[in-house]
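Structure at a glance
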Amino acid sequence: MRVYRIFSLMCIFLVLFTLLLGKIFYYQVICGEKIAKQATTMRSKQITLKEYSRGDILDRNGLALTDNTVSSALYCLPYELARNYSAVHMTSPEQAFNYVANQLAKQINSIDVKELATNLHNATKKGTPLVRVATNLSDDDINKINSCNLEGAVIAPFINRYESNGFCSHIIGYLQGRDKSQGVAGIEKQYDDVLNSNLLSPKLISVNDARGKAIQGLMFKISSDYKPDKGLVVLTIDKRIQKVIEENMDKRVKKGAIVVMDIRSKEILGLASRPSFDPNDMSTAITSKKDSPFYNRALNSYYPGSLFKILVATAALEEGKVSLEDNFNCDGAYDFTESTSISCWKEEGHGTLNFLQAFAQSCNPTFIEVGLDLGRDKLKQYADKLHLTDENINGWLETNSQNSYVKINSGRAGIGNACLGQQGIMLTPVQLTNLIATIANDGKWGPPSITKYSVDQAGSKHITKTNTLEQVISIDTARKVQLLMEGVVTNGTGKSVSLPSIKIAGKTATSQTGNYQADHQEILNTWFGGYFPADNPKWALVVMVEEGTSGAVDAAPIFKAVTSGILDIFSIID
């Protein structure tokens with residue numbers, strides 16, 4: 001009997017030991033990693049380092065257009081401050097927060113003592129582990145803060161979403177709201193659901209012991225479960241080209257726009273408008289009453305001036321109404337009646353010249369004569385055929401209510417004005433860039449695009465609709481227009497853009513606005529549009545400068561500078 005009882009007791013102990021061992025195995029091996037993470041979470045304090053928990057916007061080469069500016073920021077740990085300074089100075093947490101706020105305010109003028117003390121106090125109530133106090137600290141600020149030796153105050157990285165110079169702002173757009181940000185304009189708005197799906201972010205972590213005190217050696221580690229390859233948008237923009245554009249505009253353009261397009265793919269490689277704005281300081285931009293910086297001039301319609309002569313020449317050559325060798329006579333004006341005429345920019349006239357020379361010299365009477373021969377209906381037909389007023393940009397639905405149109409007034413004078421890109425013709429810099437790209441690509445048209453693809457939170461790639469090019473004019477006609485545009489640079493009004501290394505094709509333009517300055521001088525918009533290299537077209541480029549003198553004086557030098565900058569990037573031409 002005694003042996004039986006001992007055996008039974010041993011069996012019971014064996015079962016209990018087995019269950020205990022199994023329990024230990026379950027928690028140590030199977031759930032060990034999970035429990036360790038939970039313990040770390042309970043004893044850690046963390047703060048998001050990114051300004052917004054939002055996905056990235058990248059250029060075509062994977063270079064960041066957002067979240068690429070890192071500065072230094074001051075963070076405070078309210079629990080650490082309360083514990084350290086309440087114990088040392090025998091004060092309440094509120095008094096400790098006031099003390100710390102006063103110390104920091106002596107070092108950084110922008111800190112409001114009362115506001116900071118209140119924020120620290122509220123953080124302890126809400127269980128907020130860290131409070132961001134100041135951002136974009138200078139080296140001097142950092143040295144001053146470090147000299148205070150405040151336990152519970154730490155300098156750490158801060159990732160700004162936007163560059164302070166407004167780089168790419170008219171493409172990227174901006175946000176409203178802090179904790180739950182929402183895209184208001186540009187790509188931020190267009191892809192808000194994709195970008196807002198990436199709510200994880202790099203974090204600053206401090207690990208504490210059981211008493212809640214930070215463990216030395218484990219303080220302020222950077223940890224991240226952020227997935228940078230998800231919840232993002234990749235643009236067709238080339239950041240290097242965009243920088244060339246914006247640097248030149250900052251130097252030379254107060255109001256205007258520049259667009260660069262890949263001739264074969266119709267992808268927009270660079271697009272900028274001036275004036276610009278700083279998405280980090282929206283209050284300043286909003287209060288700007290004159291020349292709103294939010295106005296994207298690359299998408300706004302203007303009288304295109306003589307750039308419209310590209311379409312007139314294309315239609316006339318395609319219809320067989322003119323040849324390059326046909327002669328015309330310019331005596332300084334085209335007379336419709338005894339009382340109605342349109343002058344040439346060259347008051348004394350060009351005399352006798354052929355069509356190739358007339359295009360190179362931008363002779364108004366010649367193009368009025370050619371346009372009248374074509375007629376109003378043919379001009380409108382070719383505007384439709386070349387999709388001239390098409391406002392669609394693949395991957396970007398936002399517009400400025402462009403209202404671009406080709407509405408040629410009836411009557412000979414109405415046609416004459418339209419042939420010079422004035423009354424009845426309103427087009428955007430993007431549309432004119434695409435027209436030039438169509439000519440340079442031997443008459444193949446496709447809608448422009450600005451995004452390549454997006455990646456959702458699940459990691460699925462959504463590719464922007466790929467262009468199927470349409471042959472809208474004959475190759476022969478396109479190549480004749482190419483010769484006309486080359487002549488502008490070699491022997492015409494665009495000589496100033498020529499470069500020794502490559503051939504350039506282009507067209508100058510100066511358009512009237514109908515508006516006048518206080519001294520009664522008419523305000524003019526100036527243009528230069530073209531492509532390069534002329535013998536192997538790769539890039540189409542349009543420069544528009546508001547309130548200028550002429551296309552040759554204002555826009556052409558910028559065209560040349562941007563062209564040189566692009567060629568410096570792509571030093572080897574295929």
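These figures come from a predicted structure and were not determined experimentally. (Residues numbered from 1 in each chain as written. Predicted model: local features only at pLDDT ≥ 70, side-chain atom pairs only at ≥ 80, totals over all residues. Heavy atoms only, no water.)

Before going further, it helps to examine the side chain of S511. As for its position among the elements, S511 is in strand β23 (residues 505–516). On the accessibility criterion, S511 (0% relative accessible area) is buried. Within the local environment of S511, its side chain forms a polar contact with the backbone oxygen of Y303, the two atoms lying 2.9 Å apart. Leave out the neighbours within four places in its chain, and S511 touches Y303, P304, G305, Q422, I523, L524, N525 and W527. (Helix = DSSP H or I, 4+ residues; strand = E, 2+ residues; numbered from the N terminus. Buried < 20%, exposed > 50% of the residue type's maximum accessible area, 1.4 Å probe, protein only. Polar contact = N/O pair within 3.5 Å; in protein donor to acceptor, adjacent residues only side chain to side chain. Contact = heavy atoms within 4.5 Å.)

Another aspect to go through is the packing of helix α14 (residues 364–374) against helix α16 (residues 412–419). At a closest axis distance of 9 Å, the pairing of α14 and α16 adopts a crossing angle of 120°. Taken together, the axes of α14 and α16 lie oblique to each other. Relative to α16, the crossing made by α14 is right-handed. Across from F367, I368, G371 and L372 in α14, the residues of α16 making contact are R412, I415, G416 and C419. Here the contact of α14 with α16 is built from residues that sort into 5 nonpolar, 2 polar and 1 charged. (Axes fitted to C-alpha atoms, helices over the stretch in contact; angles between N-to-C directions. Parallel < 35°, antiparallel > 145°, perpendicular 65-115°, else oblique. Left-handed = near helix turned anticlockwise from the far one by under 90°. Nonpolar A, V, L, I, M, F, W, Y, C, P; charged D, E, K, R; others polar.)

The next point concerns the sheet that holds strand β5 (residues 153–160). Reading across the sheet, the 3 strands line up as β4-β3-β5 and stay open at both edges, with antiparallel pairing between neighbours. The outermost strands of the open sheet, each flanked by one partner alone, are β4 (131–134) and β5. Adjacent strand axes in the sheet meet at a mean angle of 50°, parallel and antiparallel pairs treated alike. In this sheet, β4 lies alongside strand β3 (residues 69–76) in antiparallel orientation, the contact comprising 3 bridges. When the sheet's bridge partners are listed, Y75 is paired in β4 with R132. (Pairing = 2+ DSSP bridges.)

A word on empty space enclosed by the protein. In total, this model carries 1 cavity of 30 Å³ or more according to the counting rule given. Estimates place the volume of the largest cavity at around 110 Å³. H387, D390, Q431, N434 and P448 are, among the 16 residues lining the largest cavity, the residues nearest its centre. Ranked by the residues each element gives to the lining of the largest cavity, the list is headed by helix α17 (residues 429–440), at 4 residues. In the lining of the largest cavity, the residues fall into 8 nonpolar, 6 polar and 2 charged. (1 Å grid on protein atoms, 1.4 Å probe; cavity = no way out; pocket = protein on both sides within 12 Å on 5 of 7 lines; lining within 4 Å. Points joined across faces, edges and corners; volume = space filled by probe spheres on them.)

Turning to the layout of surface pockets, a few remarks are in order. Considered as a void within the structure, the largest pocket measures approximately 530 Å³ in volume. Elements with a minimum of two residues in the lining of the largest pocket: β15 (341–343), β23 and α19 (551–569). Among the elements that take part in the lining of the largest pocket, β23 stands out by supplying 5 residues, more than any other. Classifying every residue of the lining of the largest pocket by side-chain character gives 7 nonpolar, 14 polar and no charged.

Of all residues in the protein, 86% attain a pLDDT of 70 or more, and the chain-wide mean is 86. For residues 38–43, every residue scores under 50 in pLDDT, and the model assigns this stretch 5 contacts once sequence neighbours within four places are set aside. Confidence drops under pLDDT 50 across residues 210–219; counting only partners more than four residues distant or on other chains, this segment forms 24 contacts. (pLDDT = per-residue confidence, 0-100.)

Before going further, it helps to spend a moment on the packing of aromatic side chains. Evaluated as defined, the whole model comprises 12 aromatic pairs. Ring plane angle 55° and centroid distance 5.0 Å describe the contact between F277 and F294, whose orientation is recorded as tilted. One end of the pair, F277, is in the loop between β12 (268–274) and α11 (282–286); the other, F294, is in the loop between α11 and α12 (309–318), with 17 residues separating them in the sequence. Aromatic pair W539 and F570: ring centres 5.3 Å apart, planes at 40°, arrangement tilted. Here W539 is found in strand β25 (residues 539–548), whereas its partner F570 is found in the segment after α19, with 31 residues between them in sequence. (Phe/Tyr/Trp six-rings, centres within 6.5 Å; stacked < 30°, edge-to-face > 60°.)

Next up on the list: helix α10 (residues 239–252). Between the first and last C-alpha of α10 there are 20 Å, a value that for 14 residues agrees with the 20 Å anticipated at 1.5 Å per step. Taken residue by residue, α10 has K239, I241, Q242, V244, I245, E246, N248 and M249 as its buried positions. As for α10, its buried residues are in contact with α7 (169–172), β11 (256–262), β12, β25 and α19. (Expected span 1.5 Å × (residues − 1).)

Attention now moves to the nonpolar core. Of all hydrophobic cores here, the largest spans 86 residues; its most connected members are I187, I310, F355 and M485. When near neighbours in sequence (up to four residues on either side) are disregarded, I310 contacts F359, L435, I436, I439, V481, M485 and K507. I245, V253, I502 and L541 belong to the second-largest nonpolar core, a separate cluster that totals 27 residues. (Core = buried A, V, L, I, M, F, W, Y, C linked by side-chain atoms within 4.5 Å.)

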